[in-house]
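# Structural features, examined
The lines below spell out each chain.
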Amino acid sequence: MSSLRGKAAFVGAATGFISSATGHSALEMMAVVARQAAEDAGISLCQVDGLFTGMQTEFLSTLAFAEYLGLRPRFSDNNRVGGSSFLCHAQQAALALDAGLCDVALICYASNQRSALGKLQTAVAGNWSEIEAPYEARFPVSSYALAAARHMHEYGTRREDLAAVALAARQWAQLNPEAFARDPLTLDAVLASPMLSDPLSKLDCCLVTDGAAAVIMTRADRARSLRRKPVYLLGAAAEHWHKQVSAMEDVCRTAASETGRRAFAEAKIAVADIDVVALYDAFTISTIVLLEDLGFCPKGEGGRFVSSGAIAPGGSLPVNTNGGGLSCCHPGMYGLFTLTEAIRQLRGEAGDRQVQGADLALCQGSGGVFSSQATNILGTEAAL
């Protein structure tokens with residue numbers, strides 16, 4: 001199979017409605033950010049002929065949104081594998097663009113879960129397997145709590161290490177005016193927050209917010225003539241190993257161990273080359289496990305790595321520079337926001353949180369309960 005390295009690029013990005021979407025439907029929110037992403041790219045929204053989305057409230061998401069916008073896509077993808085869906089969409093969009101099946105691809109998502117429901121919105125809540133149902137665990141926090149407990153038992157990880165992830169996310173969020181949670185946070189506050197599913201407390205868990213995001217992709221030759229500096233897709237891989245946590249062979253190892261390896265190989269770079277990391281941090285244990293699986297630290301060393309300050313502002317590896325799902329936003333699914341943040345960093349548009357000289361970014365989507373994993377590696381012109 002031929003490589004997609006550098007054949008497609010992100011040329012527009014937009015986010016919005018993180019503070020509140022009161023009075024707006026998810027379709028309305030997506031329409032707003034889609035138009036903003038098109039304006040960012042310097043194109044008309046009517047030029048979009050490839051559409052990729054997966055909403056919580058619309059089972060036939062691409063049909064509903066194309067109708068709402070008045071688009072007639074030549075190619076669309078409604079793939080739903082949880083929060084990693086949008087990084088899978090980026091890979092599929094690049095394939096479709098390379099094959100000439102579309103010329104301008106729009107990837108978008110929105111949820112008004114906080115303003116409309118006041119709680120986490122998920123398409124699979126309560127959908128437990130027969131093995132798990134008798135335990136009446138909380139979905140999805142108890143599944144991640146199981147992984148955290150095992151990681152503690154196996155590798156000596158401490159609650160203080162989990163808390164270090166939340167603290168780093170908050171420190172980055174304080175540099176991001178769009179972030180939902182920007183108030184000061186201390187180690188003691190994280191450790192003292194109400195326990196939801198031992199060993200994960202409230203502040204080990206992602207936010208419940210509104211939010212919308214959109215990105216525009218096109219072929220590299222066209223991207224160079226548009227308004228913004230192109231951000232190229234250099235490597236992409238996706239894989240899923242299970243749906244329920246009870247089907248995992250090892251609750252401390254995910255498919256990111258494979259998707260990362262494959263994406264790095266396609267991008268022709270090494271882990272040490274990455275300047276910025278954007279992970280799906282639904283829970284603090286997520287960041288630790290994914291950093292290990294992607295090769296940023298050895299398996300079992302994630303807790304000590306994050307507690308060293310490595311992922312916080314001023315550390316050796318900038319992770320979730322917008323504040324992530326723990327402090328920036330989590331509107332049902334966070335995956336697309338990893339891409340928008342990486343694009344802004346590589347375009348030098350991240351303001352006070354800008355990582356100077358950033359040319360390479362890794363985005364990791366994680367869906368379900370560590371179920372599906374997707375890795376995208378993005379780079380500037382200098383990285384080609």
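The notes below deal with the structure included here. Small disclaimer: the values here were computed from a predicted structure and weren't measured.

### A look at the side chain of glutamine 364
Structurally, glutamine 364 is set in strand E10 (residues 360–367). Residue classification places glutamine 364 among the buried residues on the basis of a relative accessible area of 0%. Among the polar contacts listed, one links the side chain of glutamine 364 to the side chain of glutamine 373, at a separation of 3.0 Å. Discounting chain neighbours no more than four positions away, the residues touching glutamine 364 are Leu87, Ala256, Thr259, Ala278, Leu279, Tyr280, Leu290, Leu294, Thr338, Gln373, Ala374 and Thr375.

### As for the packing of aromatic side chains
Applying the stated criterion across every chain yields a total of six aromatic pairs. Ring centres of tyrosine 280 and tyrosine 334 lie 5.7 Å apart, and the angle between their planes is 80°; this geometry places the pair in the edge-to-face category. Note that tyrosine 280 is positioned in the loop between strand E9 (276–279) and helix H10 (284–293) and tyrosine 334 in the loop between helix H12 (324–327) and helix H13 (335–346), a separation of 54 residues in sequence.

### What to know about helix H3 (residues 85–98)
If you check H3, its first and last C-alpha atoms are 20 Å apart, about what 14 residues at 1.5 Å a residue would give, namely 20 Å. Taken across its 14 residues, H3 has eleven buried, putting it largely inside the fold. Where H3 is concerned, the buried positions are Ser85, Phe86, Leu87, Cys88, His89, Ala90, Gln91, Ala93, Ala94, Ala96 and Leu97. Downstream of H3 by one or two residues, glycine 100 has phi in the positive range, about 75°.

### Here's the deal with unusual backbone geometry
The omega torsion across phenylalanine 139 and proline 140 is -5°, close enough to zero to call that bond cis. Cis geometry marks the peptide bond from aspartate 198 to proline 199, where omega comes out at 15°. Inspection of the secondary structure assignment puts proline 199 in the loop between strand E5 (195–197) and strand E6 (200–201). The phi dihedral of lysine 268 falls on the positive side, at around 60°, and the residue is not glycine.

### Describing helix H1 (residues 26–41)
Taking 1.5 Å per residue as the helical rise, H1 with its 16 residues ought to reach 22 Å, and the 23 Å between its terminal C-alpha atoms agrees with that figure. Those residues of H1 that sit buried are Ala26, Leu27, Met29, Met30, Ala31, Val33, Ala34, Ala37, Ala38, Asp40 and Ala41. Here the buried face of H1 lies against strand E1 (8–16), strand E2 (50–53), helix H2 (61–69), strand E4 (104–111) and strand E7 (211–219). In the stretch just after H1, glycine 42 is the one whose phi turns positive, near 80°.

### What about the nonpolar core?
Residues Phe10, Leu106, Met217, Leu291 and Leu378 are the most contacted members of the largest nonpolar core, which totals 130 residues. Ranked by the residues each element gives to this core, the list is headed by H1, at ten residues. Those residues in contact with leucine 106 that sit more than four places away from it in its chain are Ala34, Leu45, Val48, Gly50, Leu51, Phe52, Phe65, Leu69, Ala214, Val215 and Ile216. Within the second largest apolar cluster, five residues are counted, among which are Ala163, Leu167, Leu185 and Val190.

### Let's talk about the environment of alanine 310
Among the secondary structure elements, alanine 310 is positioned in the loop between helix H11 (302–307) and H12. C-alpha of alanine 310 to C-alpha of cysteine 252: the two residues are 58 residues apart in sequence and 21 Å apart in space. Once residues lying within four places of it in the same chain are set aside, the contact partners of alanine 310 are Phe305, Gly315, Ser316, Leu317 and Pro318.

### Observations regarding the pattern of salt bridges
For the structure on display, the rule yields 19 salt bridges. Here arginine 74 makes a salt bridge to aspartate 103, at a shortest N to O gap of 3.4 Å. Taken together, the residues arginine 74 in the loop between H2 and strand E3 (75–77) and aspartate 103 in the loop between H3 and E4 connect sequence positions 29 residues apart. Between glutamate 258 and arginine 261 there is a salt bridge; the shortest N-O distance is 2.7 Å. In this pair, glutamate 258 and arginine 261 both sit in helix H9 (residues 256–267), three residues apart, roughly one turn of the helix.

### Some words on the pairing of E4
Among the eight residues of E4, eight are classified as buried, and the element is accordingly described as predominantly covered. Where burial is concerned, the two faces of E4 agree: the one with Val104, Leu106, Cys108 and Ala110 and the one with Ala105, Ile107, Tyr109 and Ser111 are both buried. In the sheet, E2 pairs with E4 via four bridges, with the strands oriented parallel. Each residue of the ladder has a partner; that of phenylalanine 52, found in E4, is isoleucine 107. The sheet contact formed by E4 and E7 spans eight bridges and is antiparallel. Of the residues in E7, the one forming a bridge with tyrosine 109 is alanine 213.

### A word on the environment of arginine 353
The residue arginine 353 is located in the loop between H13 and E10 in this model. Remark: the alpha-carbon pair of arginine 353 and asparagine 176, spanning 177 residues in sequence, is separated by 6.8 Å. Apart from the residues lying within four places of it in its own chain, the contact partners of arginine 353 are Trp172, Leu175, Asn176, Pro177, Thr321, Asn322, Glu341, Arg344 and Gln345. Side chain to side chain, arginine 353 and asparagine 176 meet in a polar contact 3.3 Å long.

About the thresholds
Residues numbered from 1 in each chain as written. Predicted model: local features only at pLDDT ≥ 70, side-chain atom pairs only at ≥ 80, totals over all residues. Heavy atoms only, no water. Helix = DSSP H or I, 4+ residues; strand = E, 2+ residues; numbered from the N terminus. Buried < 20%, exposed > 50% of the residue type's maximum accessible area, 1.4 Å probe, protein only. Polar contact = N/O pair within 3.5 Å; in protein donor to acceptor, adjacent residues only side chain to side chain. Contact = heavy atoms within 4.5 Å. Phe/Tyr/Trp six-rings, centres within 6.5 Å; stacked < 30°, edge-to-face > 60°. Expected span 1.5 Å × (residues − 1). Core = buried A, V, L, I, M, F, W, Y, C linked by side-chain atoms within 4.5 Å. Salt bridge = Lys/Arg side-chain N within 4 Å of Asp/Glu carboxyl O. Pairing = 2+ DSSP bridges.

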